[in-house]
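Fold and geometry: a report
Letter by letter, the chains look like this.
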Amino acid sequence: MTRAPGIAAAGLGLLALAAASLLTGVIALGPGTWDGPEALAVLAVSRIPRTLAALLTGASMAVAGLIMQMLARNRFIEPATAGTGQSAALGILGVTLLWPAAPIWAQMGTASLAAILGSLGFLLMIRRLPPTQPLLVPLVGLIYGGLLGAAVGAIGYQLDLLQYVEVWMNGEFSGVLRGRYELLWASGALTLLAYAFADRFTIAGLGREASVSLGLNYARVVAVGLLIVSVTTALTVVTVGMIPFVGLVVPNIVSRLAGDNLRATLPGVAALGAGLVLACDLLGRIVRAPYEIPVGTLLGVLGALLFLWLLNARPRHAR
Amino acid sequence: MIEIRQVSHRIGGTPILSDIDVTIPKGGITALIGPNGAGKSTLLGLVARLERLQAGRIAVDGLDVARTPTDRLARTLAILRQDGTVAARLTVRDLVGFGRYPHHKGWPGPADRDAVEEALEAFDLAPLGTRFVDTLSGGQRQRAMVAMTYAQGTDYILLDEPLNNLDLAHARALMQRLRGMADRHGRTIVVVLHEVNYAAHYADRIIGLRDGRIAAQGPAPEVLTEPTLSSLFGSPVRLGRVGEHTVVLHHA
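So, a few notes on the structure that sits alongside this text. Quick caveat: nothing in here was measured; it's all calculated off a predicted structure.

**Considerations on helix 11 (residues 246–258) of chain A**
Residue and element names in this part refer to chain A. Helix length check: helix 11, at 13 residues, gives a terminal C-alpha distance of 18 Å against a target of 18 Å (1.5 Å per residue), a fit within 8%. In this structure, the buried residues of helix 11 make contact with helix 2 (37–72), helix 12 (262–286) and helix 13 (295–313). Positioned one or two residues after helix 11, Gly-259 has a phi angle of 90°, which is positive.

**A few points about the pattern of salt bridges**
Considering all chains together, one arrives at 18 salt bridges over all chains under this definition. Note that Arg-81 of chain B and Glu-209 of chain A form a salt bridge whose closest N and O atoms lie 2.9 Å from each other. With Arg-81 of chain B in the loop between strand 6 (77–80) and helix 3 (92–98) and Glu-209 of chain A in helix 9 (residues 208–213), this pair bridges two chains. Given a relative accessible area of 15%, Arg-81 of chain B falls into the buried group. Residue class for Glu-209 of chain A comes out partly exposed when judged on its relative accessible area of 28%. The shortest N-O distance in the salt bridge between Arg-100 of chain B and Asp-112 of chain B comes to 3.0 Å. With Arg-100 of chain B in the loop between helix 3 and helix 4 (101–104) and Asp-112 of chain B in helix 5 (residues 110–122), this residue pair connects regions lying 12 residues apart in the sequence. Classification of Arg-100 of chain B by relative accessible area gives buried; the value is 12%. Judged by its relative accessible area of 9%, Asp-112 of chain B falls in the buried class.

**A closer look at empty space enclosed by the protein**
The final tally for this structure, using the stated rule, is 3 cavities of 30 Å³ or more. Volume-wise, the largest cavity comes out at about 60 Å³. In this structure, the largest cavity is lined by Ile-4, Val-22, Ile-24, Leu-32, Leu-43, Leu-44, Val-47, Val-190 and Ile-207 of chain B. Of all the secondary-structure elements, those providing two or more residues to the lining of the largest cavity are strand 2 (14–24) and helix 1 (40–47) of chain B. With 3 residues, the single largest contributor to the lining of the largest cavity is helix 1 of chain B. In this structure, the second largest cavity encloses a volume near 40 Å³. Every residue along the wall of the second largest cavity is listed here: Met-68, Leu-71, Ser-119, Leu-123, Gly-225, Leu-226 and Val-229 of chain A. Looking at the lining of the second largest cavity, the elements with two or more residues in it are helix 2, helix 4 (104–127) and helix 10 (218–239) of chain A. Looking at the lining of the second largest cavity element by element, the count peaks at 3 residues for helix 10 of chain A. Along the lines of polarity and charge, the residues of the lining of the second largest cavity split into 5 nonpolar, 2 polar and no charged.

**Considering the interface of chain B and chain A**
Taken together, the contact pairs 26 residues of chain B with 25 residues of chain A. For the pairing of chain B and chain A, the buried interface totals around 2100 Å² over both sides, and the portion due to carbon and sulfur atoms is 56%. Considering only the surface of chain B that becomes buried against chain A, Arg-89, Phe-98 and Tyr-101 of chain B emerge as the three largest contributors, covering 30% of it. Taken together, the connections running from chain B to chain A amount to 1 salt bridge. Across the contact surface, chain B and chain A share 9 residue pairs in polar contact (both at pLDDT 80 or more). Looking at the side of chain B that touches chain A, the elements that each hand over two or more residues are helix 2 (70–73), strand 6, helix 3 and helix 4 of chain B.

Rules behind the numbers
Residues numbered from 1 in each chain as written. Chains lettered and ligands numbered in written order. Predicted model: local features only at pLDDT ≥ 70, side-chain atom pairs only at ≥ 80, totals over all residues. Heavy atoms only, no water. Helix = DSSP H or I, 4+ residues; strand = E, 2+ residues; numbered from the N terminus. Expected span 1.5 Å × (residues − 1). Contact = heavy atoms within 4.5 Å. Salt bridge = Lys/Arg side-chain N within 4 Å of Asp/Glu carboxyl O. Buried < 20%, exposed > 50% of the residue type's maximum accessible area, 1.4 Å probe, protein only. 1 Å grid on protein atoms, 1.4 Å probe; cavity = no way out; pocket = protein on both sides within 12 Å on 5 of 7 lines; lining within 4 Å. Points joined across faces, edges and corners; volume = space filled by probe spheres on them. Nonpolar A, V, L, I, M, F, W, Y, C, P; charged D, E, K, R; others polar. Buried area = accessible area lost by both parts, 1.4 Å probe. Polar contact = N/O pair within 3.5 Å; in protein donor to acceptor, adjacent residues only side chain to side chain.

Encoded structure:
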């Protein structure tokens, strides 16, 4: 098998990134500056939660993007740009207005429900698009996501909630502390669920008719996929804010290198997503230290460049 | 045996099929022929539960397609539709391997792997096993799709215009392979064919559809007559003979 060295390299890379992340921040930690209990407290309260949050978010958003692409049978979409994330934000906004003291589970539930409805709307909408024009799908997604995002912005502006809107729509990890990121473990669990469904998502990517012919309960597979994508996105929006482009570029890169057999590629997508988000978060902490650049901003720049490169490098799928 | 009883189907108010009542016996090759828009693909789709039955009843090997769980049907019946655009990037071996999914549900055993290798050999795909499907030519991709349907190993196989995109050598090889599956393995094959000459040479029975109704059916020699074919296609057709073979002259 040629895969073992790849797995080892990915594992080592992630470990190195995680170690660097633990040692990087305003409070210097390292040989010479290590002062026992104080340093341990920084690690336990801030650095370890932050590192875990970045890894979990990256892995789960990359996998969510992959699933969305298989269900829509289109490479150029992801939950953060095609309306799922914006719907989740709309859901939290609604709950914030109507029930300001809502506990976290109520926020989470409303955001998830809104995300499911938003993604379902998107899937129904693109079903009517001609399959010969695959680029229409991401365009419709961008407009749809843009409209929902604009609604969130407008309502937020009217009601003086723009500060919150900013937090939900632009993801960053500087606010992650122990006790404020643990919901993300649920995204990790959903990613494992996605792996259990890997074969079924791959078959769903062959289309409805091929799926039915192979005895798949297609509607149920789409429902499970939609649930994973929507709840993962909602969890991310609620805890750290929307992280764009991971769900788009990571599955595309892995698909080019290793194909779309999810049973084989899903772990790679999760690892690369985790690595990319953690690397961007690390970069954001280093570039203008002691200040920080939000990971969403960095990924927006980097992701847009990667996306342009992908569009250009893969004309075969654009026709 | 495939029993189709009183099946009618409408799409958006337009009748596509009207009062189809036909029995396809077990074994052998049955060809569905007829002009464009006659309802051949819709009929095949209804038998394979890809479309919801609106009126009537269809049973395959005694299994009512409207009531039998879909994963149970997938071990009795396989279908390949004409639009074989594979958007996913899978290797040929992986794609053919998914034909075994109804049997292994994600946990392929040695028997499944053997079936995949056999299907790759049978369709001349072994050298392409590690290639991604989206890098193949149209004809190679079509063969990969047929191999996947073959690997499913069902008693009933429905193929919607499987000769699309195939050159004449591969088209002949596919029809001979279907013949062998019917003769040696007792499979029941229903195939939509555009080129009547393939039906004339390879099919045991022919069903002719026109305007959503059965216009002709029976053993191939009975349906393949000049008046029947001419009225079925609404275009003059002559028959000739080359050696022992009947040749349908429809192009000149």
